[in-house]
Amino acid sequence: MKDGRTFYPTQCNNMFIFPGIGLGVTLAGAKTVSDRMLYVAAEALANYLTEDELAQGKVFPNQSTIRDVSKKVAIAVIEEAVRTNQASGLGEKDLEDLNAFVTKKMYDPIYVPLVEKRTISI
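Residues numbered from 1 in each chain as written. Predicted model: local features only at pLDDT ≥ 70, side-chain atom pairs only at ≥ 80, totals over all residues. Heavy atoms only, no water.

Each helix and strand in the protein was counted, giving 6 helices and 0 strands. Listing each helix as α and each strand as β along the protein from the N terminus yields α-α-α-α-α-α. Its C-alpha atoms give the protein principal-axis dimensions of roughly 75 × 45 × 25 Å. Residue burial in the protein is summarised as follows: out of 122 residues, 33% are buried. Long-range contacts, defined as pairs at least 24 residues apart, comprise 75% of the intrachain contacts of the protein with a sequence gap of at least 6. Across the protein, 14 positive and 15 negative side-chain charges occur, with their mean positions spaced 6 Å apart. (Helix = DSSP H or I, 4+ residues; strand = E, 2+ residues; numbered from the N terminus. Buried < 20%, exposed > 50% of the residue type's maximum accessible area, 1.4 Å probe, protein only. Contact = heavy atoms within 4.5 Å. Lys, Arg positive; Asp, Glu negative; His and termini not counted. Charge placed at Lys NZ, Arg CZ, Asp CG, Glu CD.)

Bringing unusual backbone geometry into the picture now. Glycine aside, residues mostly have negative phi, and peptide bonds are mostly found in the trans state. Although it is not a glycine, Asn-85 adopts a positive phi angle of roughly 60°. Secondary-structure assignment places Asn-85 in the loop between α4 (66-83) and α5 (92-96).

Packing of helix α1 (residues 13-28) against α4 leaves a shortest axis separation of 7 Å and a crossing angle of 45°. Between α1 and α4, the angle falls in the class oblique. When the axes of α1 and α4 are compared, the crossing they make is right-handed. Two secondary-structure elements touch here, α1 through Met-15, Phe-16, Ile-17, Pro-19, Gly-20, Ile-21, Leu-23, Gly-24, Val-25, Leu-27 and Ala-28 and α4 through Ile-66, Val-69, Ser-70, Val-73, Ala-74, Val-77, Ile-78 and Ala-81. Here the residues of the contact of α1 with α4 sort into 16 nonpolar, 3 polar and no charged. (Axes fitted to C-alpha atoms, helices over the stretch in contact; angles between N-to-C directions. Parallel < 35°, antiparallel > 145°, perpendicular 65-115°, else oblique. Left-handed = near helix turned anticlockwise from the far one by under 90°. Nonpolar A, V, L, I, M, F, W, Y, C, P; charged D, E, K, R; others polar.)

One way to put it is that α1 packs onto helix α2 (residues 35-48) with a least axis distance of 10 Å and a crossing angle of 125°. On the basis of the axis angle, α1 is oblique to α2. The handedness of the crossing between α1 and α2 is right-handed. Packed against α1, whose contacting residues are Phe-16, Ile-17, Ile-21 and Val-25, the element α2 presents Met-37, Leu-38, Ala-41, Ala-42 and Leu-45 at the interface. Residues of the contact of α1 with α2, tallied by class, amount to 9 nonpolar, no polar and no charged.

Below you can see the structure in the form of structure tokens.
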């Protein structure tokens with residue numbers, strides 16, 4: 001930029017947006033993904049940026065925050081589904097604390113060993 005700032009483009013849709021949209025739509029039980037859902041997903045991503053990241057000219061948050069970004073995107077999509085009466089898969093209890101509900105439903109990639117380690121002596 002003319003003012004000396006540098007912008008750092010990074011990959012966005014496949015990494016930050018689509019996982020959260022998929023999670024939100026699935027949890028909400030929505031039958032369609034509306035244009036407004038895409039908009040609120042992009043808005044949730046943009047709002048996740050810190051002041052420091054903005055000052056550095058970054059347009060996406062650090063990749064280490066991807067799970068939390070996906071959660072924020074999912075919550076935004078669910079809220080839009082609720083607003084437009086598309087959230088057929090949610091009960092009142094689920095809506096009481098969307099953050100906790102979405103966190104509980106997120107896949108956590110923790111793997112256990114498939115082969116038991118043992119020593120065999122003959």
